[in-house]
Amino acid sequence: MENLDNIFTRLRSGEPVPMDDPGFSQVADAVNLTIRNLAKLNGAADTDQVRRFLGELIGQQVDDSTTLFPPLHTNYGRNIKLGRSVFINHACSFLDLGGITIEDGVMIGPRVNITSEDHPVEIKLRKTLVTREVIIKKDAWIGAGATILPGVTIGEGAVVAAGAVVTKDVLAGTVVGGVPAKLLKQIDDFDAAEEM
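Only a predicted model underlies this, so the values are computations on that prediction, with no experimental measurement involved.

Parameters and conventions
Residues numbered from 1 in each chain as written. Predicted model: local features only at pLDDT ≥ 70, side-chain atom pairs only at ≥ 80, totals over all residues. Heavy atoms only, no water. Helix = DSSP H or I, 4+ residues; strand = E, 2+ residues; numbered from the N terminus. Rg over C-alpha atoms; globule rule 2.2 N^0.38 Å. Buried < 20%, exposed > 50% of the residue type's maximum accessible area, 1.4 Å probe, protein only. Contact = heavy atoms within 4.5 Å. Areas by Shrake-Rupley, 256 points an atom, 1.4 Å probe, with all protein chains shown as cover. Lys, Arg positive; Asp, Glu negative; His and termini not counted. Charge placed at Lys NZ, Arg CZ, Asp CG, Glu CD. Pairing = 2+ DSSP bridges. Phe/Tyr/Trp six-rings, centres within 6.5 Å; stacked < 30°, edge-to-face > 60°. Lys NZ or Arg CZ within 6 Å of the ring centre and 35° of its normal. Axes fitted to C-alpha atoms, helices over the stretch in contact; angles between N-to-C directions. Parallel < 35°, antiparallel > 145°, perpendicular 65-115°, else oblique. Nonpolar A, V, L, I, M, F, W, Y, C, P; charged D, E, K, R; others polar. Core = buried A, V, L, I, M, F, W, Y, C linked by side-chain atoms within 4.5 Å.

**Quick notes on the overall build of the protein chain**
Secondary structure summary: the protein chain contains 4 helices and 19 strands in total. The C-alpha atoms of the protein chain give 17 Å as radius of gyration, which agrees with the globular expectation for 196 residues (16 Å, within 12%). Across its three principal directions, the C-alpha atoms of the protein chain cover 55 × 45 × 25 Å. Buried residues in the protein chain amount to 43% of all 196 residues. The long-range fraction of contacts in the protein chain, counting pairs at least 24 apart against all pairs at least 6 apart in sequence, stands at 26%. If you sum the accessible surface of the protein chain, you get close to 10100 Å²; carbon and sulfur atoms cover 55% of it. Of the charged side chains in the protein chain, 19 are positive and 26 negative; the average position of the first set lies 5 Å away from that of the second.

Have a look at this one:
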């Protein structure tokens, strides 16, 4: 008999998992718990409470230097990893079954969507979940309303312009924008910032 205890490990590894897989009942249970935890987080009275409830949601202590303005939307939460001095503005949505890593000093604007989850285009396979981790390297800035798709790495110090849809990796020290996002320019002082 298949070991169902590893559904989250299977998803995190990028294994395609059909949504009728017997282990998916565990995902449904986890989503229900996340919804309850988000109600506490999104109803918090101050930023210290938000930090505490966010820590409970993601399963790690959130550093005092990190700030989140609710509401936050996520389907799982346990695969979100946050660094120090992170700023996340309101109404962001993070689908994290494949993993989302946000390193130190990252700024995320309002209404940003980050998803590590996808489905095949073929109709017969469409109800299969395919995951790939999203990594946002230190000091990157994600502009308002941007969307980061599965498997993307945003390089250190990079900027994603407001409203961009990022389908491919973004090089360190660059600015990208558009749908799909394309290179707009190099950041002039990126090398100097690296040396500091």
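**Section: the sheet that holds strand β3 (residues 72-74)**
Where strands meet in a sheet, backbone hydrogen bonds hold them as pairs that are either parallel or antiparallel. Read across the open sheet, the 5 strands follow the order β3-β6-β9-β14-β17; overall the sheet is parallel. The open sheet has two free edges, formed respectively by β3 and β17 (165-166), since each of these has just one partner strand. With 2 bridges connecting them, strand β9 (residues 113-115) and strand β14 (residues 147-148) associate as parallel partners. Paired with Asn-113 across the strands is Thr-147, a residue of β14.

**Description of the packing of aromatic side chains**
To describe a pair of aromatic rings, one takes the distance between the centres and the angle between the planes. As enumerated under the stated definition, the model contains 2 aromatic pairs in all. Ring centres of Phe-8 and Tyr-76 lie 4.8 Å apart, and the angle between their planes is 5 degrees; this geometry places the pair in the stacked category. You can see Phe-8 sitting in helix α1 (residues 7-12) and its partner Tyr-76 sitting in the loop between β3 and β4 (80-82), a full 68 residues away along the chain. By the burial criterion, Phe-8 is buried, and Tyr-76 matches it. Taken together, a centroid distance of 5.1 Å and an interplanar angle of 90 degrees make the contact between Phe-69 and Phe-87 edge-to-face. Pair noted here: Phe-69 is in the loop between β2 (67-68) and β3 and Phe-87 is in strand β5 (residues 87-88), with a separation of 18 residues, a long-range link. Judged by relative accessible area, Phe-87 falls into the partly exposed class, the value being 26%. Just above the ring of Phe-53 sits the side chain of Arg-52; from NZ or CZ to the centre is 4.8 Å.

**Some words on the packing of helix α2 (residues 24-42) against helix α3 (residues 47-58)**
Where α2 contacts α3, the axes come no closer than 9 Å and their chain directions differ by 170 degrees. One element, α2, and the other, α3, form an angle in the roughly antiparallel class. Facing Thr-34, Asn-37, Leu-38, Lys-40 and Leu-41 of α2, the residues of α3 in contact are Val-50, Phe-53, Leu-54, Glu-56 and Leu-57. Across the contact of α2 with α3, the residue classes tally to 6 nonpolar, 2 polar and 2 charged.

**Brief notes about the nonpolar core**
Membership of the largest hydrophobic core comes to 37 residues, with the highest contact counts inside it found for Phe-94, Ile-108 and Ile-154. Secondary-structure elements contributing two or more residues to this core are α2, α3, β4, β6 (92-95), β7 (100-102) and β12 (134-136). A per-element tally of this core places α3 first, with 5 residues. Filtering out sequence-adjacent residues up to four positions away, Ile-154 remains in contact with Ile-135, Ile-136, Lys-137, Ala-140, Ile-142, Ile-148, Val-160, Val-166 and Val-170. Among the nonpolar cores identified, the runner-up in size contains 10 residues, and Phe-24, Ala-30, Tyr-76 and Leu-97 belong to it.

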